[in-house]
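Fold and contact review
The primary structure of each chain is shown beneath.
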Amino acid sequence: MTLSPSFSVSESYNDNLFFTETNREADFTTLVGPSLNLAYESQYLNFVGGYRGSAEFHARHPEANRYAQSASFGLGIPFLSHEIRGVDVRITEEITYAPEVPAYSFGKTQEEPGGATQISQIQQTGGGIQVPRTDTFSNNAGLELGYTWLPRLRTTVSYANIVTRYRGNELHDSTTHQVGLKETYQWSPRTQWTNSYSVALNIYEHANNEVVHRLSTGAAYQMSPSLSINGSLGVGVVQGNGNKTQLTLNTGLSKQFRNGIFSLSYTREIGTGGGVVTASTLKQGVGMEYSQNVGRNTSVYVRLGYVNNRSFSGEKLKISSYTGETGINVGVLPWLSGSLSYSYLNQQSLGTIGQDSQRNLVMLGLTASAPPWRIVK
């Protein structure tokens, strides 16, 4: 068992702290907080856990000072694979409290079994919709049971429970229960086929519940050691205030260079409304990211994203937002790293709800990391 601690200090300038269209308030913010990562691995149990905290101190708006924190863990039970050949069980949990939910976050590419590279789509943490600062609590719990029938064939059953709560009456609380079934077949060392089906129950506060069915088929293909693509095509059916059927599509491309990596993705899927409306939405997004090593301890990156959300019926929602971010990361010392970034966010609303606004954010930070501390050998 090992514990890896770190501590970060950063300073930022935000020209629209509360993300409002009028009476914009700029502020300088100091953020300080710890980060802890705990890992344990044995023939019986694999555990990875983490905690991250960040205290915000605003120079001009001390009433907005907050302490944001998140905790997560992943649990694997390998001894079940020894007791029942081919069985794999994973349990995940993530709890977050934040004074503001970001509209965007960008994922990373990850290696799938068999060598195929699965390109992460752009992740719209807040559904691609930026809302004003609101204390938000979220809990995301998941259980996954996999069984390998053949060396190339694997079936996975999963359950996820997502709870989102907002302070005040401006945004809508929601709870989602989702059950999924996925079949993965390794067609060749470079090609992987996937078929999946899921059904989700979306429970909205003070509104009718909705049931969402999703069915898709797709593949991931490693064209070369440095180039991979993936995609899936399917349909989504929303049952609630009348049935709505929509085409769903996810595609991605990743290219590795000698000192950098480029990724591009497009997604068209059914969203939950991001707390703005109490109904499912059609969400379309495009994401691009490029990172480059420019020195032994220095890297730069550029990220772009665009998301469009529109409602099927009921409250008229049509919000488009786009973001751009660039930054540099520098390893100052073996235990100390620094970063400098700039991001821009613009949001436009064409419906009866939502708001138009934009934001510029500059951030400078330092992170000190201690060597992993072995607690149990």
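See the structure shown above.
Here's a quick rundown of the structure. Just so we're clear, the structure is a prediction, and the values are computed from it rather than from any experiment.

Turning next to the environment of Ala 279. Tracing the sequence through the fold places Ala 279 in the loop between strand S17 (260–271) and strand S18 (281–293). A relative accessible area of 14% means that Ala 279 is categorised as buried. Along the backbone, Ala 279 and Tyr 204 are 75 residues apart, and their C-alpha atoms lie at a distance of 7.9 Å. Not counting chain neighbours up to four residues away, the residues in contact with Ala 279 comprise Tyr 204, Glu 210, Thr 272 and Gly 273.

Turning to the pattern of salt bridges, a few remarks are in order. In total, this model carries 11 salt bridges according to the counting rule given. In this structure, Glu 100 and Arg 359 form a salt bridge, with 2.8 Å as the shortest nitrogen-oxygen distance. Taken together, the residues span a long stretch of sequence, with Glu 100 in the loop between strand S5 (87–98) and strand S6 (105–106) and Arg 359 in strand S22 (residues 357–369) at a distance of 259 residues. The closest approach of N and O atoms between Lys 283 and Glu 269, which form a salt bridge, is 3.3 Å. Here the residue Lys 283 occupies a position in strand S18, and Glu 269 occupies one in strand S17, the gap between them amounting to 14 residues. What you see here is one network of salt bridges that share partners, running through Glu 56, Glu 100, Arg 133 and Arg 359.

Turning our attention to a nonpolar patch on the surface. A cluster of nonpolar residues, Tyr 13, Phe 28, Leu 340, Tyr 342, Val 362 and Leu 364, forms a patch on the protein surface that exposes about 520 Å² of accessible area. Where the nonpolar patch is concerned, the elements lending two or more residues are strand S21 (336–349) and S22.

The rules behind the values
- Each residue is numbered by its place in its chain's sequence as written, counting from 1.
- Side-chain atom pairs in this predicted model are given and counted only at pLDDT of 80 or more, local residue features only at pLDDT of at least 70, and totals for whole chains, interfaces and linings cover all residues.
- Calculation of side-chain values draws on the structure's entire complement of heavy atoms; hydrogens and water are dropped beforehand.
- Numbering goes from the N terminus for both helices and strands, where a helix is a DSSP run of H or I of at least four residues and a strand is a run of E of at least two.
- Burial here depends on accessible area, computed with a 1.4 Å probe over protein chains only, as a share of the maximum for the residue type. Under 20% is buried, over 50% is exposed, and the range in between is partly exposed.
- Pairs of residues are marked as contacts when any of their non-hydrogen atoms sit within 4.5 Å.
- Just to be clear on terms, a salt bridge is a Lys or Arg side-chain nitrogen sitting within 4 Å of an Asp or Glu carboxyl oxygen.
- Every patch collects residues that have over 30% relative accessible area and no salt bridge, joining them within 9 Å if they carry like charges and within 5 Å if they are nonpolar side chains (Val, Leu, Ile, Met, Phe, Trp, Tyr).
- Accessible surface is estimated by sampling points in the Shrake-Rupley manner with a 1.4 Å probe; for residues, cover comes only from the protein chains shown.

Nothing here speaks to function; it is all geometry.
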